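A closer look at the structure
So you can see what is in the structure, the chains are spelled out below.
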Amino acid sequence: MEHFIFGRLGWDDIAIFDVFRDPTASNIVGSSAGWLAVIGAVIVAALLLIKGWWKPLLFTWLNTTDHKKIGIMYIVVGLVMFARGVAEGVVMRSQYVTSYQGGYLTPDHFSELFSTHGTIMIFFVLMPFLIGFMNLLVPLQIGARDVAFPRLNQISLGFTIVGAMLLMISLVVGQFATGGWTGYPPYTGVAFQPGTGPDYWIWSLGLSGIGTVLTGLNFAVTIYKMRCPGMTFLRMPIFVWTALCTSILLIFALPPLTAVVIMQALDRYLDFHFFTNDLGGNMMNFANLFWMFGHPEVYILILPAFGLYSEFTAIFSGKRIYGYMSLVIATMAIAVLSFTVWLHHFFTMGQSPTINVAFGIATMLIAIPTGVKVYVWIATLWGGRIRMRTPIIYLAGFIVFFAVGGYTGILLANPTVNFAVHNSQFVVAHFHNVLLPGTLFAVLASIYVWFPKFFGFRLDERWSATAAWLFIIGFTFAFMPLYMVGLMGLPRRSPAFDDPSYIPYMIVTMVGALCVLAALCTLIGSFVVSALRRDTLAVPGGDPWDGRTLEWASPAPVPEWNFAFIPTVNSQDAFAKEKAAGTAYEIDCDTYEDVELSPTSWIGLNIIVFGTLFGFAMVFWIWWLAVLSALALLTHSIGLGFVRDKGEIIPASVIERTEKDWIALAAEGPGTERRDEVSPSNRGIAARISEA
């Protein structure tokens, strides 16, 4: 009966009590992380109850289908998981500082750390960040009131939160996988890891992957079908182009991951042996399927970031983006070529030299359209009226890191070089130099740029710029030394080393990790300081940076209905052209109409609750709970799908009053000069128009 009720869940699986059972340094670190998660959850729950915040959380946010609120929730999920990812990175760097003496973490604990760190950063930090910005910007930039399928958007968020919840639960109950973020068998098979770790990996990725595929479908349809009149493909902002290519990649790249996760689950739960070489399976099938997803995934992460860089480079240089068509072609070329390079991830695994050469050439070719983008941003900055604000600091750091990472990527594309450094810290330095500054810096800069659009006030420049410099310094010290120790022979994934010549480099990387931690704290501080000064930093005009695209053509925060009238555009950078012509704040139509918003729904919360219960039950073999939660998930979701609620009707009078108040604010007096855009005088109306 006990096994029926609790499955394989026992008291020994409560990881936060490990410190009391065996108070070693490794258990103290692991249990402390679990206790922090528990205490944090209790504090959040207490604040929600005491402050009464649970009502707006439940009835304004968790049941919303508004693309703007869903985008904000994606980014909040990313920030929470980013805090955990940074903390784990600091712990791993501290382990390396002490590794010559054996370190203070057990090998299994260290393996669990780099497995959770990679899984979190790829799937639950960078992906939510970028999908969040797709939600925030795409409908506004194409002149739409929402995405094509608002309820499906909520479902996608729900599945993403389920995966994140399972990862956080693994801190407290059981343990996560120790086979890396790629989950390679046979090490993650039952024979080597019979515990809960690989099962947490399977269900967190499998369930969150469902939401990600639905996101790709949703945004592809939105961009194809919901562009405003006049918004032809070659008038779309670059970010919309990158979002479209990313959506296509999500649709075609995620199914191999879903397939390999299902096969891995069948191996572990039903003894299928898809990946057991001596029982008719083949481990290389896993490697091929995973990297058929895994390398397009790199470009799923980097393409939207490229779009963000393109948008704010034009804004903060005071120019239209240089080489628009070359950026569009480069984006599409990267999307296509991303499916042709996956085999470079196992150059050393025994395929023929001919295959290695073919994929090495393909890997080098994909660097060409990527390099085109960097030159385009530099050309846009050249001769521009550059404002050295926080986004340009991030951009400068990104270009340096990305150039170094790109050059080392070309080296790794050579199979002969790859054989020498494949399993070394050199590779760790390479992908941290490319992926994290490439994607993370774009996100952090974009939070600064578009925060006032959705919250109504700017972020404090001093705090934001300090965080940017700390991130750049931190990444420099944390990862540049790894190129040297990699060439010296230090393997990746190793919890210890026996060569004292590595120690100085490891000390430098620890300093870098602490700088990154300080940068994260400063970033959080910028939110707090800015919220306290929200009246001084308010930008009700909605255009604090002299923006160029349609999202800036509305008050801040953006109204629920986005636009009083669906706009009509006749060119690229439509809002900049209107400002240049002096028609940006003219009313084209005197007849306002009621707007029906997308109806709210509880289907997302249903997925979060029952999806998390289902995943937890499957991890611990609590079959009755798995069946009940799956039935509840399906029946409730199907039932909600038949509900034909109407959304809230916003009266034409409310829309008219909001629109005319905004236009009156713009007409009150001279706007803000570029040099004063971080001063209290910036109320969101730019004084100078952008160049056409």
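Nothing here was measured: the structure is a model prediction, and the numbers come from that model.

Thresholds, definitions, all that
Position labels on residues start from 1 in each chain and follow its written sequence. Per-residue local features of the predicted model are confined to residues with pLDDT of at least 70, and side-chain atom pairs are confined, for both listing and counting, to 80 or more; whole-chain, interface and lining totals are unaffected and use all residues. Side-chain calculation: all heavy atoms of the structure are included, whereas hydrogens and water are not. Numbering goes from the N terminus for both helices and strands, where a helix is a DSSP run of H or I of at least four residues and a strand is a run of E of at least two. Stacked, tilted and edge-to-face are the three classes applied to pairs of Phe, Tyr and Trp rings, where Trp contributes its six-membered ring and a pair requires centres within 6.5 Å; stacked means planes under 30 degrees apart, edge-to-face means over 60, and tilted covers the rest. Only protein chains enter the calculation, and the probe is 1.4 Å; a residue is then buried if its accessible area is under 20% of its type maximum, exposed if over 50%, and partly exposed in between. Remark: a charge is flagged as sitting over a ring if the NZ atom of Lys or the CZ atom of Arg is within 6 Å of the ring centre and within 35 degrees of the ring normal. The domain boundaries here were taken from an automatic or database domain assignment. For this analysis, residues touch if any pair of their heavy atoms sits within 4.5 Å. Take the accessible area each of two parts loses on contact, using a 1.4 Å probe, and add the two losses: that sum is the buried area. Two cysteine sulfurs form a disulfide in these notes if their separation is within 2.5 Å. Counted as salt bridges are all cases of a side-chain nitrogen of Lys or Arg within 4 Å of a carboxyl oxygen of Asp or Glu. Simply put, an axis is a line fit to the C-alpha atoms, just over the touching stretch for a helix, and the angle between two N-to-C directions goes from 0 to 180 degrees. Each angle receives one of four descriptions, namely roughly parallel if under 35 degrees, roughly antiparallel if over 145, roughly perpendicular if within 65 to 115, and oblique otherwise. In this scheme the handedness of a crossing depends on how the near helix is turned from the far one: anticlockwise by less than a right angle means left-handed, clockwise means right-handed. For this classification, Asp, Glu, Lys and Arg are treated as charged, while Ala, Val, Leu, Ile, Met, Phe, Trp, Tyr, Cys and Pro are nonpolar and the rest, including Gly, are polar. Take the residue count of a helix, subtract one, and multiply by 1.5 Å to get its expected span.

Moving on, we get to the environment of I248. Within the secondary structure, I248 sits in helix α9 (residues 238–270). For I248 and F219, which are 29 residues apart along the polypeptide, the C-alpha to C-alpha distance reads 9.0 Å.

The next thing to look at is the environment of L395. Structurally, the position occupied by L395 is in helix α13 (residues 390–412). Taking the C-alpha atoms as reference points, L395 and F252, 143 residues apart in sequence, are found 30 Å from one another.

Right, let's talk about the packing of aromatic side chains for a bit. Throughout the structure, instances matching the rule amount to 51 aromatic pairs. When the centroid spacing of 5.4 Å and the interplanar angle of 65 degrees are considered together, the rings of W181 and F290 count as edge-to-face. Of this pair, W181 sits in the loop between α7 (150–172) and α8 (197–225) while F290 sits in helix α10 (residues 283–317), placing them 109 residues apart in sequence. Note on F290: relative accessible area 0%, which makes it buried. Connected via pairs of aromatic rings, a cluster forms that spans F123, W181, Y184, F272, F274, F275, F286, F290, W291 and F293. A cation sits over an aromatic face here: R8 above W621, 4.0 Å from the ring centre. Against the face of F457 rests R534, its NZ or CZ located 6.0 Å from the ring centre.

According to the domain assignment, the chain consists of domain 1 (53–538) and domain 2 (541–601 + 645–692). Distance from the C-alpha centre of domain 1 to the C-alpha centre of domain 2: 32 Å. Counting residues at the interface gives 48 residues for domain 1 and 47 residues for domain 2. Taking both partners together, domain 1 and domain 2 bury about 4,000 Å²; carbon and sulfur atoms supply 51% of that area. Of all residues in domain 1, the largest losses of buried area upon contact with domain 2 belong to R145, K453 and R458, amounting jointly to 20% of the total for that side.

Inspection of the secondary structure assignment puts R462 in helix α16 (residues 461–488). Distance in space between the C-alpha atoms of R462 and G211 is 37 Å, their sequence separation being 251 residues.

Moving on to the state of the cysteines. The full count for this structure, using the stated rule, is zero disulfides. Note on C245: no disulfide assigned, nearest cysteine sulfur contributed by C228 at a separation of 19 Å.

This part covers the pattern of salt bridges. All told, the structure shown has 14 salt bridges when counted by the stated rule. A single salt-bridge network, built from bridges that share partners, covers D543, D546, K579 and R674.

Turning to the packing of helix α12 (residues 353–381) against α13, a few remarks are in order. The contact between α12 and α13 brings their axes to 11 Å, and the two run at 155 degrees. As summarised for this structure, α12 and α13 are arranged roughly antiparallel, according to the angle between their axes. Relative to α13, the crossing made by α12 is left-handed. Across from M364, A367, T370, V374, W377, I378 and L381 in α12, the residues of α13 making contact are I392, L395, F398, I399, F402 and I410. Each residue belonging to the contact of α12 with α13 can be placed in one class, and the counts come to 12 nonpolar, one polar and no charged.

Okay, unusual backbone geometry next. Glycine aside, a negative phi is what most residues show, and trans is what most peptide bonds show. Omega for the peptide link from P185 to P186 comes to 5 degrees, which places this bond in the cis form. Locating P186 in the fold gives a position in the loop between α7 and α8. Here the residue pair A556 and P557 is connected by a cis peptide bond, since its omega of -5 degrees sits within 30 degrees of zero. If you trace the backbone, P557 turns up in the loop between α17 (503–532) and α18 (574–581). Positioned with a positive phi, D546 is a non-glycine residue whose angle comes to about 60 degrees. Mapped onto the fold, D546 is located in the loop between α17 and α18. Overall, the relative accessible area of 3% leaves D546 in the buried class. Even without being glycine, N562 reaches a positive phi, approximately 65 degrees.

This next bit is on the packing of helix α5 (residues 67–97) against helix α15 (residues 425–455). At a minimum axis separation of 12 Å, α5 and α15 run at an interaxial angle of 145 degrees. You can see that α5 and α15 cross each other, and the crossing is left-handed. Between α5 and α15, the residues in contact are K68, I72, I75, F82, R93 and Y96 and Q425, L440, I447, F454 and F455, respectively. Here the contact of α5 with α15 is built from residues that sort into eight nonpolar, one polar and two charged.

Let's shift gears to α12. Helix length check: α12 (29 residues) gives 43 Å between terminal C-alpha atoms against 42 Å at 1.5 Å per residue, within 8%. In the segment just after α12, G383 is the residue with positive phi, at about 75 degrees.

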